[in-house]
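If you want the building blocks of each chain, they are given just below.
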Amino acid sequence: MRLNKYIAHAGIASRRKADELTINGNVKINGVSVREPGYDVKEGDVVEVNGTRIDRPEKLEYVLLNKPVGYITSVQDDKNRPVVTELTADVDARLFPVGRLDYNTSGLLLLTNDGDLAYRLSHPKHNVTKTYRARVAGVLSGERLARLRKGVDIGGFVTSPANVKVIKQNPRSAVVEIQIHEGKNRQVRKMFAAVGNKVQELERVAIGELYLGRLKEGHYRKLTRDEIEYLKNL
Ligand code: URA
């Protein structure tokens, strides 16, 4: 964030006044006087105005993103691939994703700068229901459905009972809705693989009572107050 905006958000001065303070040498960053109002304040920078350290209390933001395939669920990627926070860059907060969706999975992803909420939602004890829509290869027989519903071994871990519904069976693929409660790495892909159906497409459509709805891929919306309350009370 630009230095003048940072100072303004801390309620110290207007942006114009912040520029004056900076140019006049009243602002230090990490103990060194900085006279550029356009300086980009980074995480960890210690900003002082007239010798007083300021911390900008960020407004808490809660965002629901429709993650497209081809984005990493992270704030940065060492291989320079696109990251989900690029899609929410115009929200004035340091958002981070809550939980993970694979690079090849699309759909509902929450982002927030509310560390307490993110931590609580990620904790296994919360096991909120997550609903996915998958396109899988082949035919999903009654026997395979029954195994998925009961729980399958995905490599040292047996999944708990899941709701599984075939929306459409085509000759060579099926569209399936699956609701799970745990969040093991690549769990849905592994569950279908365990019964012999490869996942071709995967989209998360809901987390608990929060729904993706008609939000377009790559777009986000802020959560309503009721939705935020709902998450806090989970
Ligand atoms: N299960 C998966 O296999 N992938 C996801 O991204 C989410 C759940």
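Residues numbered from 1 in each chain as written. Predicted model: local features only at pLDDT ≥ 70, side-chain atom pairs only at ≥ 80, totals over all residues. Heavy atoms only, no water.

Here we come to the overall build of the chain. Scanning the chain for helices and strands turns up six helices and 13 strands. Its C-alpha atoms give the chain a radius of gyration of 23 Å, more than 25% over the compact-globule value 17 Å for 234 residues. In terms of principal-axis extent, the alpha carbons of the chain reach across some 75 × 35 × 35 Å. Within the chain, the proportion of its 234 residues that are buried is 45%. Sequence-distant contacts in the chain: of pairs separated by 6 or more residues, those separated by 24 or more amount to 62%. Looking at charge distribution, the chain has the averaged site of its 40 positive side-chain charges lying 6 Å from that of its 29 negative ones. (Helix = DSSP H or I, 4+ residues; strand = E, 2+ residues; numbered from the N terminus. Rg over C-alpha atoms; globule rule 2.2 N^0.38 Å. Buried < 20%, exposed > 50% of the residue type's maximum accessible area, 1.4 Å probe, protein only. Contact = heavy atoms within 4.5 Å. Lys, Arg positive; Asp, Glu negative; His and termini not counted. Charge placed at Lys NZ, Arg CZ, Asp CG, Glu CD.)

This next bit is on the packing of aromatic side chains. This model, assessed by the stated rule, comprises zero aromatic pairs. Stacked on the ring of Tyr-103, the Lys or Arg Arg-81 has its end atom at 5.7 Å from the ring centre. We note Lys-184 situated over the ring of Phe-157; from NZ or CZ to the ring centre the distance is 4.5 Å. (Phe/Tyr/Trp six-rings, centres within 6.5 Å; stacked < 30°, edge-to-face > 60°. Lys NZ or Arg CZ within 6 Å of the ring centre and 35° of its normal.)

With respect to the helices and strands, Glu-143 occurs in helix α4 (residues 142-150). Residue Glu-143 is classed as partly exposed on the basis of its relative accessible area of 49%. Residues Glu-143 and Val-195 lie 52 residues apart in sequence; the distance between their C-alpha atoms is 9.2 Å.

Let's shift gears to the site of the ligand. As a structural note, the neighbourhood of the ligand is formed by Leu-101, Asp-102, Thr-105, Tyr-132, Arg-186, Gln-187, Val-188, Arg-189 and Leu-202. Within the contact set of the ligand, an oxygen atom lies 2.9 Å away from a side-chain nitrogen or oxygen of Thr-105. Within the backbone of Val-188, one N or O atom sits 3.2 Å away from a nitrogen atom of the ligand. Contact with the protein chains covers 95% of the free accessible surface of the ligand, which is 240 Å². (Near = heavy atom within 4 Å. Polar contact = N/O pair within 3.5 Å; in protein donor to acceptor, adjacent residues only side chain to side chain. Areas by Shrake-Rupley, 256 points an atom, 1.4 Å probe, with all protein chains shown as cover.)

On to helix α3 (residues 115-122), then. Along α3, the residues classified as buried are Leu-117, Ala-118 and Leu-121. An end-on view of α3 places all buried positions within 100 degrees of arc, on one side of the element. Residues of α3 that are exposed and angled more than 90 degrees away from the buried face: Asp-116 and Tyr-119. Considering only its buried residues, α3 is in contact with β5 (62-67), β6 (96-98), β7 (105-112) and α6 (225-232). (Arc of directions from axis to C-beta.)

Per the domain assignment, the segments of the chain are domain 1 (3-54), domain 2 (62-125 + 214-232) and domain 3 (129-207). Here domain 2 and domain 3 have C-alpha centroids that lie 23 Å from each other. If you look at the interface, domain 2 gives 10 residues, while domain 3 gives 10 residues. Both sides together, the interface formed by domain 2 and domain 3 hides about 840 Å², and carbon and sulfur atoms give 41% of it. Among the residues of domain 2 in contact with domain 3, Asp-102, Thr-105 and Leu-108 are the three that bury the most area, contributing 48% of the side total. In this structure, the connection of domain 2 to domain 3 is made through two salt bridges. Two residues, Arg-189 and Asp-102, come together in a salt bridge whose shortest N-O distance is 2.9 Å. Here the side of domain 2 that touches domain 3 is built from residues that sort into four nonpolar, four polar and two charged. (Domains from an automatic or database assignment. Buried area = accessible area lost by both parts, 1.4 Å probe. Salt bridge = Lys/Arg side-chain N within 4 Å of Asp/Glu carboxyl O. Nonpolar A, V, L, I, M, F, W, Y, C, P; charged D, E, K, R; others polar.)

Quick look at the pairing of strand β8 (residues 130-137) now. Bridge count for β8 against strand β10 (residues 173-180) is eight bridges, and the pairing is antiparallel. Residue pairing in the sheet places Ala-134 in a bridge with Val-176 of β10. Summarising the sheet, β8 and strand β11 (residues 199-207) pair through seven bridges and their orientation is antiparallel. Bridging across to β11, Arg-133 finds its partner in Glu-203. (Pairing = 2+ DSSP bridges.)

With that out of the way, let us pick up the pattern of salt bridges. Applying the stated criterion across every chain, the model contains 13 salt bridges. Note that Asp-77 is salt-bridged to Arg-81, the shortest N-O span being 2.9 Å. Look at Asp-77 and you get buried, because its relative accessible area is 14%. With a relative accessible area of 29%, Arg-81 lands in the partly exposed category. Residues joined by salt bridges that share partners form a network here, namely Arg-100, Asp-102, Arg-186 and Arg-189.

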